[in-house]
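If you want the building blocks of each chain, they are given just below.
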Amino acid sequence: MSDLFDLPFEEDPDEAEPQAATPALSDPSTPGRGEGRRVYTVTELTVRVRDHLEEKFFEVWVEGELSGVRLWNTGHLYFTLKDSSSLLKGLMFRSALRYLKFKPADGLRVVARGKISVYEPKGEYQIVCEHLEPQGLGALQLAFDQLKKRLQAEGLFDASKKRPLPALPRKIGVVTSLDGAAIRDILKVLRRRYRNVHVVIRPTKVQGDGAAAEIAHGLRQIVKVPHVDVVIVGRGGGSLEDLWAFNEEPVARAISISPIPVISAVGHEGDVTIADLVADVRAPTPSAAAELVVARKEEFSSHINRLHERLVSCAQGRVQRLSRRVHELSGRRALAGYGTRLAMTQRRTDELTRSMSDALRAVFSVRARRLQAIERRLDAFDPGRRLARNLTTLVAVDAKLRHGITRRAHDSQARLGALAGRLDSLSPLKVLGRGYAVCWNDDRTHAIRDAADVKKGDTVHVELSRGTIAAKVSGVK
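Residues numbered from 1 in each chain as written. Predicted model: local features only at pLDDT ≥ 70, side-chain atom pairs only at ≥ 80, totals over all residues. Heavy atoms only, no water.

> Just to check I follow, could you spell out the packing of aromatic side chains for this structure?
When we look at a pair of aromatic rings, we describe it by the centre distance and by the angle of the planes. By the definition in use, this model includes one aromatic pair. A cation over a ring is seen here: Arg347 above Tyr119, with NZ or CZ 3.9 Å from the ring centre. (Phe/Tyr/Trp six-rings, centres within 6.5 Å; stacked < 30°, edge-to-face > 60°. Lys NZ or Arg CZ within 6 Å of the ring centre and 35° of its normal.)

> What's the story with the sheet that holds strand E4 (residues 109–119) in this structure? I'm lost.
In a beta sheet, neighbouring strands pair by backbone hydrogen bonds and run either parallel or antiparallel. One closed barrel holds the five strands; their spatial order is E1-E2-E3-E5-E4, and the pairing between them is mixed. Direction aside, neighbouring strands of the sheet carry axes that sit 50 degrees apart on average. Bridging between E4 and strand E5 (residues 124–134) involves ten bridges; their strand directions are antiparallel. Its bridge partner lying in E5, Tyr119 is registered against Glu124. Contacting E4 and E5, helix H2 (residues 42–56) runs over the sheet at an angle of about 140 degrees to E4. (Pairing = 2+ DSSP bridges. Helix = DSSP H or I, 4+ residues; strand = E, 2+ residues; numbered from the N terminus. Axes fitted to C-alpha atoms, helices over the stretch in contact; angles between N-to-C directions. Contact = heavy atoms within 4.5 Å.)

> Help me out: how do you make sense of the pairing of strand E6 (residues 171–176) in this one?
Each regular strand carries side chains that alternate between the two faces of the sheet. Of all six residues in E6, six are buried, a share of seventy percent or more. Side chains Lys171, Gly173 and Val175 project from E6 onto one buried face, and the interleaved Ile172, Val174 and Thr176 project onto a second face that is buried too. One ladder, built from six bridges, connects E6 with strand E7 (residues 198–203); its direction is parallel. The partner of Gly173 across the bridge, within E7, is Val200. By the bridge criterion, five bridges tie E6 to strand E8 (residues 228–235) in an arrangement that is parallel. In the strand pairing of E8, Gly173 is matched with Val231. (Buried < 20%, exposed > 50% of the residue type's maximum accessible area, 1.4 Å probe, protein only.)

> For this particular structure, what's the right way to read the confidence of the model for the protein?
The predicted coordinates of low-pLDDT regions are not to be read in fine detail. Model confidence for the protein is summarised by a mean pLDDT of 78, while 84% of its residues fall at 70 or above. Note on residues 296–305: pLDDT is under 50 here. Beyond four places in sequence and across chains, it has 28 contacts. (pLDDT = per-residue confidence, 0-100.)

> Can you help me understand a nonpolar patch on the surface in this one?
The grouping of Met356, Leu360, Val363 and Phe364 at the surface amounts to a nonpolar patch, some 400 Å² of accessible area in total. Position of Leu360 relative to the elements: it lies in helix H11 (residues 338–380). Take Leu360: its relative accessible area is 41%, and that puts it in the partly exposed class. (Patch = residues over 30% accessible without salt bridge, like charges linked within 9 Å, V, L, I, M, F, W, Y side chains within 5 Å. Areas by Shrake-Rupley, 256 points an atom, 1.4 Å probe, with all protein chains shown as cover. Salt bridge = Lys/Arg side-chain N within 4 Å of Asp/Glu carboxyl O.)

> Sorry, what's going on with the packing of helix H5 (residues 181–193) against helix H9 (residues 286–293) here?
Packed helices, taken two at a time, are described by their axes: the angle between them and the distance between them. Closest axis-to-axis distance for the H5/H9 pair is 8 Å, and the angle between their directions is 30 degrees. Between H5 and H9, the interaxial angle falls into the category roughly parallel. For the crossing formed where H5 meets H9, the hand is right-handed. Listed contacts from H9 to Ala182, Asp185, Ile186, Val189, Leu190, Arg192 and Arg193 of H5 are Pro286, Ser287, Ala290, Glu291 and Val293. (Parallel < 35°, antiparallel > 145°, perpendicular 65-115°, else oblique. Left-handed = near helix turned anticlockwise from the far one by under 90°.)

> Can you walk me through the sheet that holds strand E13 (residues 468–472) in this structure?
The antiparallel open sheet is built from three strands, whose spatial order is E11-E12-E13. This sheet does not close on itself; its edge strands, each paired only once, are strand E11 (438–440) and E13. Strand after strand, the sheet turns through a mean of 30 degrees between neighbouring axes, direction not considered. Alignment of E11 against strand E12 (residues 459–463), held across three bridges, turns out to be antiparallel. Bridging from a neighbouring strand, Trp440 pairs with His461 of E12.

Next comes the structure, spelled out in structure tokens:
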């Protein structure tokens, strides 16, 4: 679909009106002949200026330096073209931006093609860009240099990340086109050098729109095939445009994350692509890649059936034809500026959405801070935490109480032992144990301390250390 943006747009001379038929903007401060002065509203004047610019500058080429480049979440690109003394606002829709091969950045000098229009809410005139190309350096070469610099900074080209090839691979994966010379060269060499090898082919496009995505998808699929030990990805020679799919980031990323070694065989020996720099091994040609991956054998044990992919380009051709038709219709006077006005509305919507998002984020931030403050206050009065603190205090007091009771018991027991010892030392039984005796009256109510307390014939009891003796008094002295 590149011709939609690369070919200049030309109006049908039969449909174009004479220049004199275009109404000129009148000066609202000067009355016309025979009529009162015309006073415009700001919107009316802006609309007339927009219509005039879109009709007179339907297609222009502008050279300048990019500044303030930014990509909005809608996919549209906004920028400013400037030279030494002037600035021009610019807009590039997502539908046109997808066909750029390089990444617009501040400081690049470019040539822009598009139409001049007016952004009504701010009264700014701008160029609605349909095509950008770098001045001097080609777009493809610039894109190559930009991607190479970025991937090199990430370390994807480091020699420490290169893996050795397996000595005797059981299965060899090949990601390429079935209708190109590369697959025929690879199979020819493999058949001659290693008869027992098993080749797994993942057909894919190798040039044109969507080729890079297909190659990356093919790499991700083929490394999942069990027992595939090495992968060859590449194609035959061609121009820089033909080889461009191997200079795109999806292919480089797919090679860098491959769990098995990858051999890049793109073009001829003098062609160097991003895929060559990222791959574990670079082969100058597809045939050389096949020679690198296998040891010499007389022939393959079985024939590899050549599969021929029938690519149907009907859908792509139809899209291109419809795109050209849409472009032709957009150039007609009745539809001129419709897409631009729709884009201006989209831009206004984007600005309002962004403002609303900022306001909501600010409100949410304030509410979040208030919620955090309330949570901190609630934490201070949390019954669970207070119960835990009280339980801790209770445990400490209980331990202290138990310790006090135990110590008090020990002290009392020691004191009781001391008193018992003293009591035992004063016990009459101790005296009896030394050979003394105690004499009791007959009914054992009191001890006899005086001989006058008994008379002859009374019964007394003599208590010894061991046992008691009942005796009768035979005399008193």
